[in-house]
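# Coordinate inspection notes
Residue strings, one per chain:
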Amino acid sequence: AQKITQTQPGMFVQEKEAVTLDCTYDTSDPSYGLFWYKQPSSGEMIFLIYQGSYDQQNATEGRYSLNFQKARKSANLVISASQLGDSAMYFCAMREGRDSGAGSYQLTFGKGTKLSVIP
Amino acid sequence: DARVTQTPRHKVTEMGQEVTMRCQPILGHNTVFWYRQTMMQGLELLAYFRNRAPLDDSGMPKDRFSAEMPDATLATLKIQPSEPRDSAVYFCASGTQLTGTYEQYFGPGTRLTVT
């Protein structure tokens, strides 16, 4: 079974509108972390936001927020007030386990969602 | 502004040639990762190091790929001999447990084309 599932291969959003990118995950580990990365056409991977499994509140970073629903195992990325520069691939990733030894730093990535912002 | 650097940014080589990719992690980061990205497979973890020691290289084809960290400021990924199926973008990323979140910061990647 896939550990990270991003069901939307591509999405369109009007400039200045909000958009939600879906991510579901699968783990039996009670301690894990969820990440979102942005990859523009230039190719670099940019870290956007992090949510820990024990965090009580949803993470926010500027226009990015993470809608964390633990029972549903979902960690959707919400981008508010979309800008043309938000057009990119977006990857959801998960780290399992605490720092208790080898393997705790590994990230498993989803296949990504291509977001296109329309002027 | 601390960044991960990678060289070369682009490499075109013929099948059978040796390819060496280099990475300088962010100063103070003690974990280094090598990933490969292709359209078909997405992002795959090839190997990673903590405090310069290799922890996992199960994602690498052992017969042709090797990864090393000769010192804390340099990680290398070598392919010998290269094959057309190795064509991909290779990313290096670094991280530290000091943030408590273990996010990884990626370099710009090396785009490898093997003809």
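Residues numbered from 1 in each chain as written. Chains lettered and ligands numbered in written order. Predicted model: local features only at pLDDT ≥ 70, side-chain atom pairs only at ≥ 80, totals over all residues. Heavy atoms only, no water.

## Considerations on the pattern of salt bridges
For the structure on display, the rule yields seven salt bridges over all chains. A salt bridge links Glu96 of chain A to Lys3 of chain A; its shortest N-O distance comes to 2.6 Å. One end of the pair, Glu96 of chain A, is in strand E10 (residues 88-96); the other, Lys3 of chain A, is in the segment before strand E1 (4-5), and 93 residues separate them in sequence. Taking the relative accessible area as the measure of exposure, Glu96 of chain A reaches 23% and is therefore partly exposed. Two residues, Glu83 of chain B and Arg85 of chain B, come together in a salt bridge whose shortest N-O distance is 2.5 Å. With relative accessibility at 22%, the residue Glu83 of chain B sits in the partly exposed group. Through salt bridges with shared partners, a single network forms among Arg64, Glu83, Arg85 and Asp86 of chain B. (Salt bridge = Lys/Arg side-chain N within 4 Å of Asp/Glu carboxyl O. Helix = DSSP H or I, 4+ residues; strand = E, 2+ residues; numbered from the N terminus. Buried < 20%, exposed > 50% of the residue type's maximum accessible area, 1.4 Å probe, protein only.)

## Examining the side chain of Thr13 of chain B
Residue and element names in this part refer to chain B. Residue position: Thr13 is located in strand E2 (residues 10-13). For Thr13, a relative accessible area of 8% puts it in the buried group. The residues contacting Thr13, other than those within four sequence positions of it, are Val19, Ser82, Leu112, Thr113, Val114 and Thr115. (Contact = heavy atoms within 4.5 Å.)

## Describing the packing of aromatic side chains
A full pass over the atoms with the stated rule returns 14 aromatic pairs over all chains. With 5.4 Å between their ring centres and 75° between their planes, Tyr37 of chain A and Phe106 of chain B make a pair best called edge-to-face. A residue pair is termed interchain when its members come from two chains, as with Tyr37 of chain A in strand E5 (residues 32-39) and Phe106 of chain B in strand E10 (residues 105-106). Under the relative-accessibility criterion, Phe106 of chain B is labelled buried at 9%. Aromatic side chains Phe47 of chain A and Tyr105 of chain B sit 6.0 Å apart centroid to centroid with 80° between the ring planes, which places their arrangement in the edge-to-face category. Here the residue Phe47 of chain A occupies a position in strand E6 (residues 46-52), and Tyr105 of chain B occupies one in strand E10, the pair thus bridging two chains. A residue is classified by how much of its surface remains accessible, and Tyr105 of chain B, at 32% relative accessible area, is partly exposed. (Phe/Tyr/Trp six-rings, centres within 6.5 Å; stacked < 30°, edge-to-face > 60°.)

## Re unusual backbone geometry
Going from Thr7 of chain B to Pro8 of chain B, the amide bond is cis rather than trans, its omega being -10°. Along the chain, Pro8 of chain B turns up in the loop between strand E1 (5-7) and E2. The omega angle of the peptide bond from Gln80 of chain B to Pro81 of chain B is -10°, so this bond is cis rather than trans. By secondary structure assignment, the location of Pro81 of chain B is in the loop between strand E8 (74-79) and strand E9 (88-95). Unusually for a residue other than glycine, Ala81 of chain A sits at a positive phi of about 45°. Mapped onto the elements of the fold, Ala81 of chain A is located in the loop between strand E9 (74-79) and E10.

## Some points on the nonpolar core
Leu21, Tyr25, Trp36, Ile49, Leu77, Tyr90 and Leu115 of chain A are the most contacted members of the largest nonpolar core, which totals 25 residues. For this core, the elements supplying multiple residues, two or more each, are strand E2 (10-14), strand E3 (19-21), E5, E6, strand E8 (64-69), E9, E10 and strand E12 (113-118) of chain A. In terms of residue count, the dominant contributor to this core is E10 of chain A (four residues). In this structure, Trp34, Phe49, Ala67 and Leu77 of chain B belong to the second largest nonpolar core, which totals 22 residues. (Core = buried A, V, L, I, M, F, W, Y, C linked by side-chain atoms within 4.5 Å.)

All we've got here are geometric facts, nothing functional implied.
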